[in-house]
Structures are given as structure tokens and as C-alpha cells.
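Tertiary structure, described
Below, each chain spelled out in residue letters.
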Amino acid sequence: MATLYVIGTPIGNLEDITLRALRVLKEVDLVLCEDTRVTGRLLSKYEIDTPKMSYHAQSKLSKVDKILELLKEGKNLALVSDAGTPCISDPGVQLVAQVRERFGDEVSIVPIPGPSALITALSAAGISVAEFTFLGFLPHKKGRETLFKEIAVSPRVMVFYESTHRIEKALESLEKFCGPDRQVVVARELTKIYEEFVRGTISEARAHFSSNPDRVRGEFVVIVAGV
Ligand code: SAM
């Protein structure tokens, strides 16, 4: 029986990968990568020379057909994204759904857990996260304001992903909808050299980034305390 492994990979520090992930990446017939160059750096650090093939959000149906064909032939495949856990704001959801639909129990889909920026940020944020809502990336236009309004009245912790280009805008909108005093944690560059947790009110976080423009760089997880 063929297996599709869904493998979590590092979100920055290449040491953050499990022994099981490394073994499986060595053993499978093919690694499906969001970007073969990014995954290539991880594989070469661990001297893994398993063949790679790209699979990403823009992949055509013919690519999916090829992957399904390989599974039908009994090949074992690993699905990884550039960083973190596939399918979490990353490609893979449709592929996993299609494999389940097409093969049912004839192909095993096995998750190999690893890092995710969401959980990594929450683990060290220092706020109570017994319950939280994960919003992924906020939409750029349609629905954006509605989400900020939801965040403003939510009794639960809300978490979202943000990019360098939009972090200041996002904090500005948070201040507009939630007021300046709501507690936030902005986790930046997790597991990397410039890892940083900015904790405080929304207005303090805004002030931090506006007075340190060199820190408006990298990747961000924003955690907003509930009302
Ligand atoms: N699949 C990934 C995961 O499991 O976390 C998420 C991929 S998503 C395309 C990329 C976003 O995740 C970034 O824009 C950022 O919001 C967040 N992210 C990824 N790595 C991060 C890091 N090292 N530090 C902070 N945020 C990170």
C-alpha cells in the first residue's frame, strides 16, 4: 500500500526537525516540495538525496494526476512546504483531499508532526491560550474589516499570520477596531537569529515597530488577547 506522508519541517532553524521526519524523507521515493530549492537546503544539510518534485498552490491538474498515478503505482511520497506544517496556510489541502477521495483506505495518509509558527508563537507568548481562534492570513481587501470587527469583540484569543509588508498596517487596524489598550504579542522571526516577542498593548507594539524600523522585517505571528 502506498503512503503519502505529510511532514512538518523547520520554520527557520534547520535543527527543528524530528528524527522520524528525517528517516521518512530518506526512505520515500519522492519528496513533493513547495519550492525544491528551499527543501533542497534542508535535505542537503542532512545528506538526504531523495528525488524532489515541486507541488505548490499554482500546480496544474496534470501535476496532481501525476502524483495520483505515482501513488497508484505504490510509490511512497512525502509532502512538505517551505516551512512548518503543510496545509497550515500552505499548499497541500487539496492534494490530501484528492488522495483521500480517490483512494479511500487504499493509500495511507500519515502526518509526521513538526513545527508550526502558530503553535511555536503561542507556546512562548505568556498569555493564557486554553482556547484560541486561528485566522491564518487576513484577507487583503474583502472581508478584512469584518474580521477586525470580530477580533474587537472576541472573548477568545485571536491569532493570525502577517508579512513584513503588512504588519504595521495590521497593527494600525487593530488599534482602530480594538482600541489602543488591548494586549497583543507579536512574535517575529521565530527560531531564527532575530527572534523577538513584542508584548504589551497595541499602541506599545506600534510604537516599538515605528521606532525600530529595522525590526519591521521577517515573518510575524500576531496574538491578540480576548476582550
Ligand atoms: N505552514 C506554516 C506553519 O505551519 O506555520 C505557515 C506558512 S505561511 C505561508 C507563512 C507565514 O507563517 C508567515 O508569513 C508568518 O506569518 C508565519 N511564519 C512562518 N515562519 C515564521 C517564523 N519563523 N516566525 C514568525 N512567523 C512565521
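In this text the structure is predicted, and so the values were computed from the model without any measurement. (Residues numbered from 1 in each chain as written. Predicted model: local features only at pLDDT ≥ 70, side-chain atom pairs only at ≥ 80, totals over all residues. Heavy atoms only, no water.)

1. Brief notes about the sheet that holds strand S10 (residues 219–224)
Heads up, the condition is: Pairing between strands is defined by DSSP: at least two bridges between them are needed. Secondary structure counts use DSSP, requiring at least four H or I residues in a row for a helix and at least two E residues in a row for a strand, with both numbered from the N terminus. Note on geometry: axes are lines fitted to C-alpha atoms, helical ones only across the stretch in contact, with angles between N-to-C directions running from 0 to 180 degrees. The contact rule is simple, with two residues in contact once any of their heavy atoms fall within 4.5 Å.
The five strands are arranged S6-S7-S10-S8-S9 in an open sheet whose pairing can be described as mixed. At either end of the open sheet lies a strand with only one pairing partner, and these are strand S6 (132–137) and strand S9 (196–201). Along the sheet, successive strands turn relative to each other by an average axial angle of 15°, direction set aside. Pairing geometry for strand S8 (residues 183–188) and S9, over six bridges, is antiparallel. Of the residues in S9, the one forming a bridge with Arg188 is Glu196. Of the strands in this sheet, S6, strand S7 (157–163), S8, S9 and S10 touch helix H5 (residues 117–125), which is tilted by about 55° from S10. Relative to the sheet, helix H6 (residues 144–153) contacts S6, S7 and S10, its axis offset from that of S7 by approximately 145°.

2. Describing the environment of Gly114
Rules: Throughout, exposure labels follow a simple rule: accessible area from a 1.4 Å probe, protein chains only, divided by the maximum for the residue type, with under 20% read as buried, over 50% as exposed, and the rest as partly exposed.
With respect to the helices and strands, Gly114 occurs in the loop between strand S5 (108–112) and H5. In this structure Gly114 comes out as partly exposed when scored by relative accessible area, which is 34%. Separated by 30 residues in sequence, Gly114 and Gly84 have C-alpha atoms that sit 6.8 Å apart.

3. Observations concerning the site of the ligand
Filter applied, for reference: Residues are counted as near a molecule or strand when any one of their heavy atoms sits within 4 Å of it. As used in this structure description, the phrase polar contact means that two N or O atoms lie within 3.5 Å; if the pair is within protein, one of them must be able to donate a hydrogen and the other to accept it, and residues adjacent in sequence are counted only when both atoms belong to side chains. Shrake-Rupley sampling with a 1.4 Å probe provides the accessible areas, and residues are treated as covered by the protein chains on show and by no other component. A cavity, in this analysis, means grid points on a 1 Å lattice covering only the protein atoms where a 1.4 Å probe fits yet has no way out; a pocket is instead an open set bounded by protein on both sides within 12 Å along at least five of seven lines, and a residue lines either one if it has an atom within 4 Å of a point. For a molecule to be placed in a cavity or pocket, more than half of its atoms must lie within 2 Å of the grid points of that cavity or pocket. Note that Gly is not counted as nonpolar here; it falls among the polar residues with everything else outside the nonpolar set of Ala, Val, Leu, Ile, Met, Phe, Trp, Tyr, Cys and Pro and the charged set of Asp, Glu, Lys and Arg.
The environment of the ligand is formed by 19 residues, the closest being Asp90, Ser116, Ala117, Tyr161 and Phe220. Backbone polar atom of Thr85 to an oxygen atom of the ligand: 2.9 Å apart, as the coordinates give it. Phe220 has a polar backbone atom sitting 2.6 Å from an oxygen atom of the ligand. Protein coverage of the free-state accessible area of the ligand, which is 570 Å², stands at 92%. According to the grid-proximity analysis, the pocket containing the ligand is the largest pocket. Contributing elements (two or more residues each) for the shell around the ligand: S7 and S10. By residue number, the principal contributor to the shell around the ligand is S10, which donates three residues. For the shell around the ligand, a count of residues per class yields ten nonpolar, four polar and five charged.

4. Comments concerning unusual backbone geometry
Positioned with a positive phi, Cys87 is a non-glycine residue whose angle comes to about 75°. Structurally, Cys87 is set in the loop between strand S4 (77–79) and helix H4 (93–103). For Ser89, which is not a glycine, the phi torsion comes out positive at approximately 50°. Mapped onto the elements, Ser89 comes out in the loop between S4 and H4. Since its relative accessible area comes to 32%, Ser89 is described here as partly exposed.

5. Examining the layout of surface pockets
The line we're drawing: Grid points are joined across faces, edges and corners, and a volume is the space filled by probe spheres set on the points.
Computed from the structure, the largest pocket encloses a volume of approximately 440 Å³. Along the walls of the largest pocket sit 23 residues, with Ala83, Ala117, Phe137, Tyr161 and Glu219 positioned nearest its centre. Of all elements in the fold, only S7, S8 and S10 reach the threshold of two or more residues within the lining of the largest pocket. Taken together, the residues of the lining of the largest pocket break down into ten nonpolar, five polar and eight charged.

6. Describing the nonpolar core
We apply this condition: Throughout, nonpolar core names a set of buried Ala, Val, Leu, Ile, Met, Phe, Trp, Tyr and Cys residues whose side chains join them through atoms within 4.5 Å.
In this structure, Ile151, Phe160, Leu174, Val186 and Val224 are the most contacted members of the largest nonpolar core, which totals 23 residues. Taken together, the elements giving at least two residues each to this core come down to H6, S7, helix H7 (167–178), S8, helix H8 (202–211) and S10. Here this core takes five residues from H7, the largest share from any one element. Beyond its immediate sequence surroundings of up to four residues, Val186 is in contact with Ile167, Leu171, Glu196, Phe197, Val198, Ala205, Phe209, Phe220 and Val221. Counting 20 residues, the second largest nonpolar core, distinct from the first, contains Leu30, Tyr55, Leu68 and Val99.

7. What to know about the domain arrangement of the chain
Note the cut-off: Note: domain ranges come from an automatic or database domain assignment. Accessible area, probed at 1.4 Å, shrinks when two parts are joined; the buried area is that loss added up over both.
Domain boundaries in the chain define domain 1 (2–112) and domain 2 (117–224). Taking only C-alpha atoms into account, the centre of domain 1 sits 29 Å from that of domain 2. Listed by partner, the interface residues are six residues for domain 1 and ten residues for domain 2. A buried area of about 550 Å², summed over both sides, lies between domain 1 and domain 2, and 62% of it is on carbon and sulfur atoms. When residues of domain 1 are sorted by the area they lose upon contact with domain 2, Ile11, Ile88 and Ser89 head the list and together hold 76% of the total.

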